[in-house]
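Secondary and tertiary structure notes
These are the residues of each chain, in order.
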Amino acid sequence: MSGEREAAGAPGLSCEAGDGGGTMSQAKSGEHALDLPHSAEEPIEGLPAGFGQGILGKAAFGIAIVFSLFQLWTAAYGALPSQVVRAMHVGFLLLLGFALFGNLVAKTKAGTTWFWLLGVLGFLTGVYQWVNYAALIRRAGFLTTPDLVVGCIAIVLVFEGARRLMGLPLTIIAGVFLAYCFFGDLLPAPLIHRGYPFDMIVEHFAFGTEGIYGTPIYVSAAYIFIFVVFAAFLERAGMLALFNDFALGLVGSWRGGPAQVCVLSSALMGTISGSGVANVVASGQFTIPLMKRFGFRAAFAGGVEATSSMGGQIMPPVMGAVAFIMAETLNVPYVEVVKAALIPALLYFGVCFWMVHLEAGKSGLGGMAKESLPDPWAALRRHWPLVLPLAALVYLLFAGYTPIFAGTMGLALIVVLILGMPLAALIGPLVFRAVFWIVLGLAAAAFLKFGVNVLAAVIAVLVGACAVFRGGRETLVICRDSLAEGAKNALPVGIACAIVGIVIGTLTLTGIASTFIGAIIRIGENNLFLSLVLTMLTCLVLGMGIPTIPNYIITSSLAGPALLELGVPLLVSHMFVFYFGIMADLTPPVALACFAAAPMAKTSGLKIAVQATKLATAGFVVPFMAVYTPALMLQDAGPMAEAYGYWVEVAYVVFKACAGIALWGMAVVGYFFGRALWWERIAAFAAGVLMILYLPVTDEAGFALGAIVVAAHWWRIRRARQAAPAAT
């Protein structure tokens, strides 16, 4: 089994607890520094893996490291104004993005030169805002010609960067919104606006905090980047190996073992990484071939990986980038978003486990032999140090610290852990190694009382020691590579946040959102369910062309206020949009997560998307139920809570959701205790629908119909199995 994991490129480091946690092994030490061994880094849409060859490759690699260090410095010390941090963040995104296109995509020297020129221009737009920060504030509303030129360059380069990195659909959508600012005064009512001069539009989008440098890019710079780098360090340290071994040992013997392993390892991966596509690539190289060898169809294996990996975006404590944007937009603590996502996340992965269980039963597949599986608790004992930074991150988040502080400190602690390993290996007796770790842990924890400088000093001492002692230099290389990987992995999220600022800026400038909101309110006055269906379809249609982040931002900006007017709590409505934004990444024809799984499954991405949609279908129950009964997201109590207590209502709603999921799974797969007949599938689907609807006696009718269907199905299968031996 270890050979398969090595082929998957899993760990860069392994922590051996048996010798005091002091040994460290390099998985692929022969790799060139610029051709990074696989971990968090995936071939990002539009970009191959790596940084390029020669001096330009080294330059891009260096830019990525400087980008990470700049973001970590601003996160730790907050030494720069927010506007400057946002502008420099976009500047670095453009510089690194275009530099990588020049190194990895351009076919000629002229093309390479052109991309690098665009990157430098993009970076200089950030430098311009830094140098002229105070002057730009003083002349707000009266920009000079150089200001307008720089603003136009920034807007054009963000569009070009998004087109190259994210594809045409998102770029076209943002372009339509920008065009509306220029030409909306020529449209008929209700779309007409009063018209805006050119300089006002440029200032709105390229300066201030309403356009490119709005809330999404602030969240990217302040929160998302830190957690992306955090995930890169954890994966380099061997967390992926821990997750795979733990999942293999725990659920590998269940029915459909390898697919259940895939679901659990993706759920665990989701606790540290909010990128669905990164999860697909990181764990799919191990789980998809394993599922295929076990007997699952290639398309189904890819679908399981894509579906479970996308769930990582709603799996606390480190959820997807959308969660940070949501917390900032709604002005609520991040822990409130985590609380609202907890039960839906568990139900989402419950759906994955259940659908795999049914599909395996339908295909006659059992579990893996227990003797061939690793001991999950032995894996945990062997890699226990890796859990400490994650535990510290969870504590800081739930203790009320800001995500930026929690993420920065969690990242610093994993760096301390990695740097301390080779030094601990040089210490002989176990007692002295234990003392070393205790002293190092106390020194690192002192930041809670004495501030960030203490932790920075600890890291500086460890770096100096690693540079001197045997084994330390390899560790420094791993840290360096993790910084570069983190910066590259943050590119799609950052560029998406920048381009979607154009959409948000259009809504704030023109007020067009009120027209859309009014239409939804008029529909929902008579039928909230229809308004929810329209919102869901908007998410799914937008998701055919754009990633989860811009999908969420656009749809929640339009539908969130409208659903609030219809009585849906704002956090619940945003979670509704978030949930279906994730589903959209699985639905054909454009399903990014499914196409990421295609090379490993060796089948069509479209076939995988069809299977992923079937797998996720039962999950469509959850967000609708949460709207009608917000207790599912641990929000407002309903009538049942007044009569029996809040937690009774929560338990009932969760039970009802599980029952609806079970019935929809039966309807979709066509299997429960055995193969289901067509009328059993239709009746199971109807029972699930009745459980969603929040109307008088629909719950009772749903439970009754579901019980009848399951009982009739069980009786029929039981009689068939009893008759089979008699017939032979």
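Residues numbered from 1 in each chain as written. Predicted model: local features only at pLDDT ≥ 70, side-chain atom pairs only at ≥ 80, totals over all residues. Heavy atoms only, no water.

**Comments concerning the overall build of the protein**
- Regarding its fold elements, the protein presents 34 helices and 0 strands.
- Out of the 728 residues in the protein, the part that is buried amounts to 59%.
- A separation of at least 24 residues holds for 76% of the contacts in the protein among residues at least 6 apart in sequence.
- In the form shown here, the protein has an accessible surface area of approximately 27400 Å², with 69% of it arising from carbon and sulfur atoms. (Helix = DSSP H or I, 4+ residues; strand = E, 2+ residues; numbered from the N terminus. Buried < 20%, exposed > 50% of the residue type's maximum accessible area, 1.4 Å probe, protein only. Contact = heavy atoms within 4.5 Å. Areas by Shrake-Rupley, 256 points an atom, 1.4 Å probe, with all protein chains shown as cover.)

**Re the nonpolar core**
- Within the largest apolar cluster, 233 residues are counted, with the highest numbers of intra-cluster contacts made by Phe 233, Val 304, Met 326, Tyr 348, Ile 414, Leu 586 and Leu 632.
- With 16 residues, the single largest contributor to this core is helix α15 (residues 334–363).
- Setting aside chain neighbours within four positions, we find Ile 414 in contact with Phe 230, Phe 233, Leu 234, Ala 237, Leu 386 and Pro 389.
- Residues Phe 672, Ala 676, Ala 687 and Met 691 belong to the second largest nonpolar core, which totals 11 residues. (Core = buried A, V, L, I, M, F, W, Y, C linked by side-chain atoms within 4.5 Å.)

**Concerning the side chain of Glu 160**
- In this fold, Glu 160 is placed in helix α6 (residues 145–166).
- At 2.9 Å, the side chain of Glu 160 and the side chain of Arg 163 are in polar contact. (Polar contact = N/O pair within 3.5 Å; in protein donor to acceptor, adjacent residues only side chain to side chain.)

**Brief notes about unusual backbone geometry**
- Positive phi, close to 60°, is recorded for Asn 331, a residue that is not glycine.
- The phi dihedral of Lys 602 falls on the positive side, at around 60°, and the residue is not glycine.
- Locating Lys 602 in the fold gives a position in the loop between α28 (592–601) and α29 (605–617).

**With respect to the pattern of salt bridges**
- Under the definition given, this model contains 8 salt bridges.
- Its salt-bridge partner being Arg 297, residue Glu 359 comes within 3.0 Å of it at the nearest N-O pair. Of this pair, Glu 359 sits in helix α15 while Arg 297 sits in the loop between α12 (276–294) and α13 (298–310); the two residues are 62 residues apart in sequence, bridging distant segments of the chain.
- What makes Glu 359 buried here is its relative accessible area of 9%.
- Among the residues examined, Arg 297 registers a relative accessible area of 42% and is labelled partly exposed.
- Across the pair Arg 716 and Glu 680 runs a salt bridge, and its minimum N-O distance is 3.0 Å. Of the two residues, Arg 716 is situated in helix α34 (residues 698–727) and Glu 680 in helix α33 (residues 678–692); the sequence distance between them amounts to 36 residues.
- By relative accessible area, Arg 716 is classed as partly exposed at 27%.
- The class of Glu 680 is buried, set by a relative accessible area of 0%.
- Overlapping salt bridges bring together Glu 160, Arg 163 and Arg 164 as one network. (Salt bridge = Lys/Arg side-chain N within 4 Å of Asp/Glu carboxyl O.)

**Quick look at the side chain of Asp 147**
- In this fold, Asp 147 is placed in helix α6.
- Given a relative accessible area of 0%, Asp 147 falls into the buried group.
- A polar atom in the side chain of Asp 147 sits 2.5 Å from the side chain of Arg 139.
- Excluding anything up to four places from it in sequence, Asp 147 contacts Tyr 128, Leu 136, Arg 139 and Phe 207.

**Observations regarding a nonpolar patch on the surface**
- On the surface, a cluster of nonpolar side chains totalling about 440 Å² of accessible area is made up of Trp 114, Leu 117, Val 120, Leu 121 and Leu 124.
- Take Trp 114: it is sitting in helix α4 (residues 109–131). (Patch = residues over 30% accessible without salt bridge, like charges linked within 9 Å, V, L, I, M, F, W, Y side chains within 5 Å.)

**Details of the packing of α15 against helix α27 (residues 570–584)**
- The interhelical angle for the contact between α15 and α27, taken along N-to-C directions, is 45°, at an axis separation of 11 Å. Taken together, α15 and α27 sit at an angle that is classed as oblique. In terms of crossing hand, the pair formed by α15 and α27 is right-handed. On α27, the residues touching Glu 336, Val 337, Ala 340, Ala 341, Pro 344 and Tyr 348 of α15 are Leu 571, Met 575, Tyr 579, Ile 582 and Met 583.
- Class assignment for the residues of the contact of α15 with α27 results in 10 nonpolar, no polar and 1 charged. (Axes fitted to C-alpha atoms, helices over the stretch in contact; angles between N-to-C directions. Parallel < 35°, antiparallel > 145°, perpendicular 65-115°, else oblique. Left-handed = near helix turned anticlockwise from the far one by under 90°. Nonpolar A, V, L, I, M, F, W, Y, C, P; charged D, E, K, R; others polar.)

**Some thoughts on helix α26 (residues 548–565)**
- Helix length check: α26 (18 residues) gives 25 Å between terminal C-alpha atoms against 26 Å at 1.5 Å per residue, within 8%.
- Largest kink in α26: about 40°, centred on Ser 556.
- Taking burial as the measure, the 18 residues of α26 include 14 buried ones, the bulk of the element.
- Trailing α26 by a residue or two, Gly 567 shows a phi angle of about 95°, which is positive. (Expected span 1.5 Å × (residues − 1). Bend = angle between axes of the 7 residues up to and from the residue.)

**Overview of the packing of helix α30 (residues 621–628) against helix α32 (residues 646–669)**
- Their axes nearest at 10 Å, the elements α30 and α32 cross at an angle of 150°. By the angle between their directions, the pair α30 and α32 is classed as roughly antiparallel. Crossing angle aside, the handedness with which α30 passes α32 is right-handed. Along its contact with α30, which presents Val 621, Val 622 and Met 625, the element α32 presents Val 653, Lys 656, Ala 657, Gly 660, Ile 661 and Trp 664.
- By residue class, the composition of the contact of α30 with α32 is 7 nonpolar, 1 polar and 1 charged.

Read these as layout, nothing more, since geometry by itself doesn't imply function.
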